[in-house]
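What follows is each chain in one-letter form.
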Amino acid sequence: MPSLKGAYLKRSIFAAALTLALGVSQAWAQPTDILNVSYDVSRELFEAVNAKFIPSYKASAGVDVTVNQSHAGSSKQAGLVLEGLAADVVTFNQVTDIETLAGKQFVATDWQSKYPNSASPFYSLPAFLVREGNPKGIVSWADLAKDGVGIVIPNPKTSGNGRYTYLAARAWAQEEFAGDEAKIEDYLKKVFANVKVFDTGGRQATTTFVENKIGDVLITFETEVLGTVKAVGDDQYDAVTPPVSLLAEFPVAVVDKVVDERGTRPIAEAYLNYLYTPEGQDIIGSFYNRVNDAAAVEKYKAQFPEVRLIKVEDAFGGWAKVKAEHFAEGGLLDKVLPNL
Amino acid sequence: MQTNPADASRAGSPTRPGRAGWGLIALTYVSSALILAMPLVLIVTMAFRNGLDAYLANILAPDTLHAIFLTVLTAIVVVPINIVFGVCAAWLVTRYDFPGKRLLITIIEIPFSISPIVAGVIYLFLYGGQGLLGPVLADNGIKIMFTVWAIFLVSLFVTSPFVARELIPLMQQQGGEDEEAALSLGANGFQIFWNVTLPNIKWALLYGALLCNARVIGEFGAVSVVSGAIRGQTNTLPLQIELLFNDFNVSGAFAAASTLAALAVLTIVLKAALERVGATGRR
Amino acid sequence: MPGFGLTMGVTLLYLAVIVVIPLAAMLLKTTSLGLEDFWRIISSGRAQAAYWLTFSSAAVAALFNSVFGLLLAWVLVRYEFPGKRLIDALVDLPFALPTAVAGLALVTLFAPEGWYGQYLEPLGIKVSYAQLGIIVAMIFTSIPFVVRTIQPVLEDVPEDVEEAARTLGATRWQIFSRVIFPLILPAFTAGSVLCFARAIGEYGAVVFIAGNLPGLTEIVSLLIVIRLEELNYPATAALATVLLAVAFSALLVTNLIQAWQLRYADKSR
């Protein structure tokens, strides 16, 4: 079959030329594309942000840029960046995940002082998504430990989202049980024993709860809870914001190692600054994230129930302590996770 | 592994079934429909459940189009390379005896039976930023992990045995007499391969290439480890399906899945055709 | 025969670059662990649960496919009937269909409101997010192995042997169990082992339907991915080494069975 052979030959030459072209264009031209490596449930948010940032940057700097996105569990993403995923900026959901990068000189150690509000342009909190009518009556952290409550959360080992749930439950329990460690651990063990599925990313957890109808309550960021109700309809799900929860700040950083190598620092910095602009804050607020810009706060006030937010600093003495005492191998988190 | 429906001299030739036979056949109908056919029907139904326009919009979404492009590109790069390797390896182990041959055959076959996750992991450990070669290559400006190169490499690994596995039993069975004769007539190595060996193995070669192609297009686990899931950049079609599924875009996921399912159907049709031509062409 | 140098060169170079060096990189990572740590990781409770789940599910899938494969092969070889070519072609579908697509289809079929799930759920049969789902995914992806290894052997069963048995008054069941089955036994075993090996390595289809519940529905491949995503590289390497060893052993067993099959075939001539 000479024609087939010929076809293969042509195909392979074509392929070689194509890949060469791909590689060369990457190497020669001054890059106008940046990669935003982010946590799992921010998919739609950054799609919307990018769509508005591109014309805004074109207007101010006169350059057409492309913003690429990659989403997965925040800690997993930090690992991929260390392995060479060329993120120009990271938009994570937990301080510890950027600290991982700072520890390996990918990010300046003083990254939190580079942008306002400790480099967190917006925040959220762990909240509950329950089935229509809330048949199990889940309204507070106490209800999660009850028998017969099926919980879905992302894996605290791979996702910042899951770790916030752990921290929020613990912060509540510390107050509830007045610091009695035995009672706190007992409570947390009961909660985690109720978990039906630990997905590795926040969005997978939502899919498990929504598409596959597993569990009675999904615990995830308020932005994901409200966004899901909007996406799939409030005739099937109810959002429940517990009276007390944990402040979940979403830190951002420029990955110095990558932008200096690629020459993309101006775009990367402009991108993160854009998140703080009134326009950026407005988009972020429209995706049910809580923001700090006064106009956006006022505009989206109605969509957020009142909640008392505990800070990591107050409940646990800061992220460094959290990392050492709770998240380290064999730490307090491992003690309450079932069979991990 | 081919069936030879044309071979009538064989003993256990098909007969008209008796009552027990029809019972078994009915069981086959039902179980094949439930286990094999239904998933296909479901994919098509789900892909078109919002109508043709929605289907086309899903397929033509830029990220999905790019995923299709990347998947096709990977197949175009990987399949020819593994054809060349498969032919070389098959020629080597069926035409010569040398020490360590059994070990070599086992090494050729390892990627076939290993979990694709392990395939991804070994490449990460080699080319990752904290891997064995990754830092050295990065210092020289070469990036492999989380680029199309990593996708090509793991795909090469996962499908490297496919062509060789088809060729080795056939070439073993055919023996080297024809080639010896050509050699004695003064033909050189390439002439022998082109004029004598290739016509004998072309159907098995195409069959192996077809299987290799199907696996490259569908590879999920290994690629998921090394891709970095950059939308519109390093997402192959199977990864895009998972991404869309998790984006609540179930119809988008099924639309993307339907293109792969169509390729799968094409593959089995081509395979059946190859077998028929091969069965008659070989005798 | 010319070409020894060329083919040897190409084969060794390619295998070194694509297969051996990457595998060596992982083994190197594993050896840096030390025996004690290695053992601690691969024998942890969660790992044991994952082995048990993976191997027992794969065994059930292989068992099912042995019977189903035998049925398919028998019907396809022995009978002429309408739709035969279609079914013969469909058998290859699991090889041609990407595993992620298979997983997506299966999880949708067996979801509580899916085409199958709606009938199974009221009966209390849970497939998605349960071991049964893992078994279903493994079954689907490894159907062709047993069929395709038995088919050619079954076609070559000499008719005179069957004829002789029949004239001696053997029942149809006796002919099958005492005459035909022993003849196809080596191929049958080889196919089942291949099926088992493939099921152990299956990932794409399983992750869609399994559910990630540690200790309950977490297969070994998934545990490796989770360890990797937790940035726990020593555990990743150690567990991957275990799977590599299993794959290697499975290969060895199939090769031995195939050698047995060849001798068997020679004797039966």
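Throughout this document, residue positions are counted from 1 along each chain, in the order its sequence is written. Just so you know, chain letters begin at A and ligand numbers begin at 1, following the order they were written in. Given that the model is predicted, a residue must reach a pLDDT of at least 70 before its local features are reported, and side-chain atom pairs must reach 80 or more before they are shown or counted; all residues, however, enter totals for whole chains, interfaces and linings. To get the side-chain values, take all heavy atoms of the structure and skip hydrogens and water.

**Some remarks on the overall build of chain C**
Part 1 of the argument: In terms of helices and strands, chain C carries 13 helices and zero strands.
Part 2 of the argument: Strands here are runs of E lasting at least two residues and helices are runs of H or I lasting at least four, both read from the DSSP assignment and numbered beginning at the N terminus. Ordering the α and β elements of chain C from the N terminus gives α-α-α-α-α-α-α-α-α-α-α-α-α.
Part 3 of the argument: Across its three principal directions, the C-alpha atoms of chain C cover 65 × 65 × 30 Å.
Part 4 of the argument: To sort residues, take the accessible area from a 1.4 Å probe on protein chains only and compare it with the maximum for the residue type: under 20% means buried, over 50% means exposed, and anything in between is partly exposed. Residues classed as buried in chain C amount to 61% of the 269 residues present.

**Some words on the interface of chain A and chain C**
Part 1 of the argument: Two residues form a contact once any of their heavy atoms are found within 4.5 Å. Contact with chain A, which involves 21 residues of that partner, is made by 19 residues of chain C.
Part 2 of the argument: In total, about 1700 Å² of surface goes out of reach between chain A and chain C, with carbon and sulfur atoms giving 54% of it.
Part 3 of the argument: Taking the shortest distance from any N to any O, the salt bridge between Lys76(A) and Glu229(C) comes out at 3.2 Å.
Part 4 of the argument: For this analysis, a polar contact is any N or O atom pair within 3.5 Å, provided that within protein one partner can donate a hydrogen and the other can accept it, and provided that sequence-adjacent residues contribute only side-chain to side-chain pairs. In this structure, the connection of chain A to chain C is made through three residue pairs in polar contact (both at pLDDT 80 or more).
Part 5 of the argument: Every element with two or more residues in the side of chain A that touches chain C is listed here: α3 (74-82) and β7 (195-199) of chain A.
Part 6 of the argument: Among the elements that take part in the side of chain A that touches chain C, β7(A) stands out by supplying five residues, more than any other.
Part 7 of the argument: Throughout this entry, Asp, Glu, Lys and Arg are counted as charged residues, while Ala, Val, Leu, Ile, Met, Phe, Trp, Tyr, Cys and Pro are counted as nonpolar. The remaining residues, Gly among them, count as polar. Class assignment for the residues of the side of chain A that touches chain C results in five nonpolar, nine polar and seven charged. Buried surface area refers to the total accessible area, computed with a probe of radius 1.4 Å, that the two partners give up upon joining, counted for both partners together. For salt bridges, the criterion is a side-chain nitrogen of Lys or Arg within 4 Å of an Asp or Glu carboxyl oxygen.

**Observations concerning the interface of chain C and chain B**
Note: interface size is frequently given as the accessible area lost on complex formation between the parts.
Part 1 of the argument: Across the boundary between the two partners, chain C contributes 93 residues, which contact 97 residues of chain B.
Part 2 of the argument: A per-residue breakdown of the area chain C buries against chain B is headed by Met1(C), Tyr14(C) and Trp115(C), which together make up 9% of the total.
Part 3 of the argument: Taken together, the links from chain C to chain B amount to one salt bridge.
Part 4 of the argument: Lys271(B) is the partner of Asp92(C) in a salt bridge, and the nearest nitrogen-oxygen pair spans 2.3 Å.
Part 5 of the argument: Across the contact surface, chain C and chain B share eight residue pairs in polar contact (both at pLDDT 80 or more).
Part 6 of the argument: With 20 residues, the top contributor of residues to the side of chain C that touches chain B is helix α1 (residues 4-31) of chain C.

**Focus on the packing of aromatic side chains**
Between two aromatic rings, the relevant description is the distance of the centres plus the angle of the planes.
Part 1 of the argument: Any pair of Phe, Tyr and Trp rings, taking the six-membered ring for Trp, is counted once the centres come within 6.5 Å. Such a pair is stacked with planes under 30 degrees apart, edge-to-face with planes over 60 apart, and tilted for the rest. All told, the structure shown has 41 aromatic pairs over all chains when counted by the stated rule.
Part 2 of the argument: Ring geometry for Tyr29(B) versus Phe81(C): centroids 5.8 Å apart, planes at 85°, classification edge-to-face. Highlighted residues: Tyr29(B) in helix α1 (residues 19-47) and Phe81(C) in the loop between α3 (45-78) and α4 (84-90), drawn from two different chains.
Part 3 of the argument: Judged by its relative accessible area of 33%, Tyr29(B) falls in the partly exposed class.
Part 4 of the argument: On the numbers, 5.8 Å between centres and 40° between planes, the contact of Phe64(C) with Phe68(C) is tilted. With a gap of four residues between them, Phe64(C) and Phe68(C) both fall in helix α3, about one helical turn apart.

**Some thoughts on the pattern of salt bridges**
Part 1 of the argument: Summed over all chains, the structure comprises 42 salt bridges over all chains.
Part 2 of the argument: One salt bridge in this structure joins Asp110(A) and Lys114(A), with 4.0 Å as the shortest N-O distance.
Part 3 of the argument: The exposure class of Lys114(A) is partly exposed, given its relative accessible area of 46%.
Part 4 of the argument: Note that Lys299(A) and Asp282(A) form a salt bridge whose closest N and O atoms lie 2.8 Å from each other. Here the residue Lys299(A) occupies a position in helix α13 (residues 294-300), and Asp282(A) occupies one in helix α12 (residues 278-286), the gap between them amounting to 17 residues.
Part 5 of the argument: By relative accessible area, Lys299(A) is classed as exposed at 53%.
Part 6 of the argument: Here the salt bridges do not stand alone but share partners, grouping Asp40(A), Arg43(A), Glu44(A), Glu47(A), Arg203(A), Glu224(A), Arg231(B) and Asp247(B) into one network.

**What to know about the pairing of strand β2 (residues 66-71) of chain A**
All names here are of chain A.
Part 1 of the argument: For β2, the buried fraction is high: five of the six residues fall into the buried class.
Part 2 of the argument: Note on pairing: two strands pair once DSSP finds at least 2 bridges between them. One ladder, built from six bridges, connects strand β1 (residues 33-38) with β2; its direction is parallel. What sits directly across from Asp33, in β2, is Thr66.

**Digging into the nonpolar core**
Part 1 of the argument: By convention a nonpolar core is built from buried Ala, Val, Leu, Ile, Met, Phe, Trp, Tyr and Cys residues, the set being connected through side-chain atoms within 4.5 Å. If you look at the biggest cluster of nonpolar residues, it comprises 293 residues, and the most contacted ones within it are Val90(A) and Tyr123(B).
Part 2 of the argument: Take this core: its biggest share by element is 16 residues, from α3(C).
Part 3 of the argument: Those residues in contact with Tyr123(B) that lie beyond four places of it in its chain are Gly128(B), Met145(B), Leu153(B), Val154(B), Phe157(B), Val226(B), Val17(C), Ile18(C) and Pro22(C).
Part 4 of the argument: One finds Leu129(A), Val197(A), Phe209(A) and Ile214(A) within the second-largest nonpolar core, a separate group that totals 16 residues.

**Considerations on the side chain of Thr28(B)**
Part 1 of the argument: Position of Thr28(B) relative to the elements: it lies in helix α1.
Part 2 of the argument: We classify Thr28(B) as buried; its relative accessible area is 0%.
Part 3 of the argument: Setting aside anything within four residues of it in sequence, one finds Thr28(B) in contact with Leu71(C), Leu72(C), Val75(C) and Ile87(C).

**With respect to the domain arrangement of chain C**
Residue and element names in this part refer to chain C.
Part 1 of the argument: By convention here, the domain bounds are inherited from an automatic or database domain assignment. Assigned domains within chain C: domain 1 (1-32) and domain 2 (35-268).
Part 2 of the argument: If you look at the interface, domain 1 gives five residues, while domain 2 gives seven residues.
Part 3 of the argument: Of the roughly 480 Å² buried between domain 1 and domain 2 on both sides combined, carbon and sulfur atoms contribute 85%.
Part 4 of the argument: Among the residues domain 1 hides against domain 2, the three largest losses belong to Met26, Lys29 and Thr30. Together they make up 77% of the total.
Part 5 of the argument: Between domain 1 and domain 2 we count zero salt bridges in total.
Part 6 of the argument: Residue classes in the side of domain 1 that touches domain 2 are distributed as three nonpolar, one polar and one charged.

**Some points on the state of the cysteines**
Part 1 of the argument: Two cysteine sulfur atoms form a disulfide, by the criterion used here, when they sit within 2.5 Å. Under the counting rule described, the total for this entry stands at zero disulfides over all chains.
Part 2 of the argument: In this structure Cys88(B) is not part of a disulfide, and its nearest cysteine sulfur, from Cys212(B), lies 15 Å away.

**A word on the domain arrangement of chain B**
All names here are of chain B.
Part 1 of the argument: Annotation of chain B at the domain level lists domain 1 (19-48) and domain 2 (51-282).
Part 2 of the argument: Between the C-alpha centres of domain 1 and domain 2 the distance comes to 29 Å.
Part 3 of the argument: The interface is formed by six residues belonging to domain 1 together with eleven residues belonging to domain 2.
Part 4 of the argument: In this assembly, domain 1 packs against domain 2 so that about 720 Å² is buried in total across both faces, 83% of it on carbon and sulfur atoms.
Part 5 of the argument: Among the residues domain 1 hides against domain 2, the three largest losses belong to Ile43, Ala47 and Phe48. Together they make up 66% of the total.
Part 6 of the argument: Taken together, the residues that form the side of domain 1 that touches domain 2 break down as six nonpolar, no polar and no charged.

**Examining the sheet that holds β1(A)**
The pairing of strands in a sheet comes from backbone hydrogen bonds and takes either a parallel or an antiparallel form.
Residues and elements named next belong to chain A.
Part 1 of the argument: Within the open sheet, the four strands sit side by side as β2-β1-β3-β12. Their pairing is mixed. Edge positions in the open sheet fall to β2 and β12 (252-254), since each of these has one partner strand only. Between one strand and the next, the sheet's axes are offset by a mean angle of 20°, whatever the strand orientation.
Part 2 of the argument: Sheet strands touched by helix α2 (residues 43-61): β1, β2 and β3 (89-91). Its angle to β2, the strand with the most contacts, is close to 170°.
Part 3 of the argument: The strands that α3 touches are β1, β2 and β3; relative to β1, the one it contacts most, it runs at about 140°. Note on geometry: axes are lines fitted to C-alpha atoms, helical ones only across the stretch in contact, with angles between N-to-C directions running from 0 to 180 degrees.

**Quick notes on unusual backbone geometry**
Part 1 of the argument: Look at Asn117(A): it is not a glycine, yet its phi comes out positive at around 60°.
Part 2 of the argument: When its relative accessible area of 37% is taken as the criterion, Asn117(A) is described as partly exposed.

**Considerations on helix α3 (residues 62-95) of chain B**
Part 1 of the argument: One less than the residue count of a helix, multiplied by 1.5 Å, gives the span that helix is expected to have. Here α3(B) spans 49 Å end to end across 34 residues, near enough to the 50 Å set by a 1.5 Å rise per residue.
Part 2 of the argument: For α3(B), a buried count of 25 out of 34 residues is recorded, marking the element as mostly surrounded by other parts of the structure.

**What about the side chain of Thr7(C)?**
Part 1 of the argument: Mapped onto the elements of the fold, Thr7(C) is located in helix α1.
Part 2 of the argument: Excluding its chain neighbours within four sequence positions, the residues that come into contact with Thr7(C) are Cys88(B), Trp91(B), Leu92(B) and Tyr96(B).

**Topic: the confidence of the model for chain B**
All names here are of chain B.
Part 1 of the argument: One confidence number per residue, pLDDT, is output by the predictor and ranges from 0 to 100. Predicted confidence across chain B gives a mean pLDDT of 88, with 94% of residues reaching 70 or more.
Part 2 of the argument: Ranking the elements of chain B by mean pLDDT puts helix α13 (residues 250-282) last, at 86, and helix α7 (residues 148-159) first, at 96.
Part 3 of the argument: Of the regions scoring below 50 in pLDDT, residues 1-11 engages in 22 contacts with residues more than four places distant in sequence or in other chains.

**A look at helix α6 (residues 160-176) of chain A**
All names here are of chain A.
Part 1 of the argument: Relative to the 24 Å expected for 17 residues at 1.5 Å per residue, α6 spans 24 Å between its end C-alpha atoms, a close match to the ideal helical length.
Part 2 of the argument: Counting buried residues along α6, 14 of its 17 residues qualify, which places the element largely inside the surrounding structure.
Part 3 of the argument: By the N-cap criterion, in which a side-chain oxygen at the helix start approaches the backbone nitrogen of a residue two or three places on, α6 is capped by Ser159, the distance to Asn161 being 3.3 Å.
Part 4 of the argument: Positive phi appears at Ala178, one or two residues downstream of α6, with a value of about 50°.

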